[in-house]
Amino acid sequence: MPAPRPLTIDLEGHQVKVYRNLKNGLFSVQYGGLVLAHLATVQLRGVSFKVSESGRQRVLTQRQKNVHAYAIGTFTTAAQPTATELICYDPYHAGHFFRVQDHEPIHHAAAVVLSQGKAYASAQSGLLF
């Protein structure tokens, strides 16, 4: 696994877009339209999960992955609630993020931890389906 590219600016309290980078296995953090870091772990508050349907359709048609799904939220380094709800996105399964446990759609969460290529939210963090 490649070494993370650390943040060079303080993003604490700023809204960022995060996606899993399929080339390096890390999470790419975008701020102001630019990728500022590739991190192994990212914590967000006030998260919305967004999927570009046109990007998803390109994946389905071309069978080639592209960046079209994001977790958008406020970057934080503060400790988050214990995150146990595994959240997933699979363009071949659905056009939205979903809980792995029961495949229920999820669009928002109060707190999310992205780590080891996966997204977790706390069951107590206010998951909104």
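Calculation rules
Residues numbered from 1 in each chain as written. Predicted model: local features only at pLDDT ≥ 70, side-chain atom pairs only at ≥ 80, totals over all residues. Heavy atoms only, no water. Buried < 20%, exposed > 50% of the residue type's maximum accessible area, 1.4 Å probe, protein only. Helix = DSSP H or I, 4+ residues; strand = E, 2+ residues; numbered from the N terminus. Pairing = 2+ DSSP bridges. Salt bridge = Lys/Arg side-chain N within 4 Å of Asp/Glu carboxyl O. Arc of directions from axis to C-beta. Contact = heavy atoms within 4.5 Å. 1 Å grid on protein atoms, 1.4 Å probe; cavity = no way out; pocket = protein on both sides within 12 Å on 5 of 7 lines; lining within 4 Å. Points joined across faces, edges and corners; volume = space filled by probe spheres on them.

Draft legend 1. Structural detail: unusual backbone geometry. You will see that R63, though not glycine, has its phi angle at about 55°, which is positive. Judged by relative accessible area, which is 59%, R63 ranks as exposed. Notably, H103 is not glycine yet its phi reads approximately 65°, a positive angle. Mapped onto the elements, H103 comes out in the loop between β7 (98-99) and β8 (108-115).

Draft legend 2. Local environment of the sheet that holds β8. Taken in spatial order, the nine strands line up as β3-β2-β1-β5-β4-β8-β9-β6-β7 in an open sheet, and their pairing is antiparallel. Two strands lie at the open edges of the sheet, namely β3 (34-39) and β7, each paired on one side alone. Looking at chain direction, strand β6 (residues 85-88) and β7 are connected through two bridges and run antiparallel. In the strand pairing of β7, C88 is matched with F98.

Draft legend 3. Spatial organisation of the pattern of salt bridges. Within the structure shown, the criterion is met by three salt bridges. Put simply, R56 and E53 hold a salt bridge, and the shortest N to O gap is 3.2 Å. A residue pair is termed a helical-turn pair when its members lie 3 or 4 positions apart in one helix, as R56 and E53 do in helix α1 (residues 53-62) at three residues. R56 sits in the buried class, given a relative accessible area of 13%.

Draft legend 4. A look at α1. Inspection of α1 places G55, R56 and V59 among the buried residues, and these make up the whole buried set. Summarising the axial view, the buried residues of α1 lie within an arc of 100°, below the 170-degree limit, and thus occupy one face. Where α1 is buried, its residues touch β4 (41-51). Of the residues trailing α1, R63 is marked for its positive phi of about 55°.

Draft legend 5. Structural context of the layout of surface pockets. A volume near 770 Å³ is recorded for the largest pocket. Lining the largest pocket are 29 residues, with Y19, R20, L22, A69 and Y89 sitting closest to its centre.

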